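Fold and contact review
Okay, here's what each chain looks like letter by letter:
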Amino acid sequence: MITIKDLEKIYRTEEVETVALNKMNLEVNEGEFVAIMGPSGCGKSTLLNILGMLDDPTSGSFVFNGIEVSKFNENKRSDLHYLWFTTTLRQPTANGWSKKHWNRWK
């Protein structure tokens, strides 16, 4: 359901470059529960913002239910985020979202 390969998020200013995620890999299959834990500043919120489609990675791959999300622009990410979460909360199905909704994104 979620596959992340070599995911990076780097925040840059004129003076500082901060690496929030460095070549991260993760796979979460349907039905699995995952806890994200770590010390302050290790990238937990950054990862969750990317997984929630609220932010984009600097590089790497983020595949959500067979859809490569990391290359989406902000509007397309926002649409998918909205449709996924509102549909899941209103009418959950066995896989969280009926197949007809996925055809639009593939």
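Here we summarise the structure given alongside this text. (Residues numbered from 1 in each chain as written. Predicted model: local features only at pLDDT ≥ 70, side-chain atom pairs only at ≥ 80, totals over all residues. Heavy atoms only, no water.)

1. Focus: the nonpolar core
Of all hydrophobic cores here, the largest spans 15 residues; its most connected members are Ile2, Ile4, Leu7, Phe62 and Val69. Elements supplying a minimum of two residues to this core: β1 (2–12), β2 (17–28), α1 (44–51) and β3 (59–64). Discounting residues that sit within four places of it in the chain, Phe62 has contacts with Ile2, Thr3, Ile4, Leu7, Ile50, Leu51, Met53, Ile67, Glu68, Val69 and Ser70. (Core = buried A, V, L, I, M, F, W, Y, C linked by side-chain atoms within 4.5 Å. Buried < 20%, exposed > 50% of the residue type's maximum accessible area, 1.4 Å probe, protein only. Helix = DSSP H or I, 4+ residues; strand = E, 2+ residues; numbered from the N terminus. Contact = heavy atoms within 4.5 Å.)

2. Looking at the packing of aromatic side chains
Within the structure shown, the criterion is met by 1 aromatic pair. Note that Lys76 overlies the ring of Phe72, its terminal NZ or CZ placed 4.6 Å from the centroid. (Phe/Tyr/Trp six-rings, centres within 6.5 Å; stacked < 30°, edge-to-face > 60°. Lys NZ or Arg CZ within 6 Å of the ring centre and 35° of its normal.)

3. Quick look at the side chain of Ser61
Tracing the backbone through its elements, the reader meets Ser61 in strand β3. Within the structure, the side chain of Ser61 is placed 2.7 Å from the side chain of Glu68, a separation counted as a polar contact. Those residues in contact with Ser61, other than ones at most four positions away along the chain, are Thr3, Ile4, Lys5, Leu7, Glu68 and Ser70. (Polar contact = N/O pair within 3.5 Å; in protein donor to acceptor, adjacent residues only side chain to side chain.)

4. Focus on the environment of Asp56
If you trace the backbone, Asp56 turns up in the loop between α1 and β3. The class for Asp56 is partly exposed, based on a relative accessible area of 31%.

5. Examining the sheet that holds β2
Overall, antiparallel pairing links the 4 strands, which are arranged β2-β1-β3-β4 in an open sheet. Here the strands that pair on one side only, and so sit at the sheet edges, are β2 and β4 (67–68). Where β1 meets β3, 5 bridges bridge the pair, whose relative direction is antiparallel. Opposite Thr3, over in β3, you have Val63 as the bridge partner. On the sheet, α1 packs against β1, β2 and β3 and is oriented at approximately 120° with respect to β1. (Pairing = 2+ DSSP bridges. Axes fitted to C-alpha atoms, helices over the stretch in contact; angles between N-to-C directions.)

6. Examining unusual backbone geometry
Phi at Asp6 takes a positive value of approximately 50°, unusual for a residue other than glycine. Considering the arrangement of structural elements, one finds Asp6 in strand β1. Judged by relative accessible area, Asp6 falls into the partly exposed class, the value being 40%.

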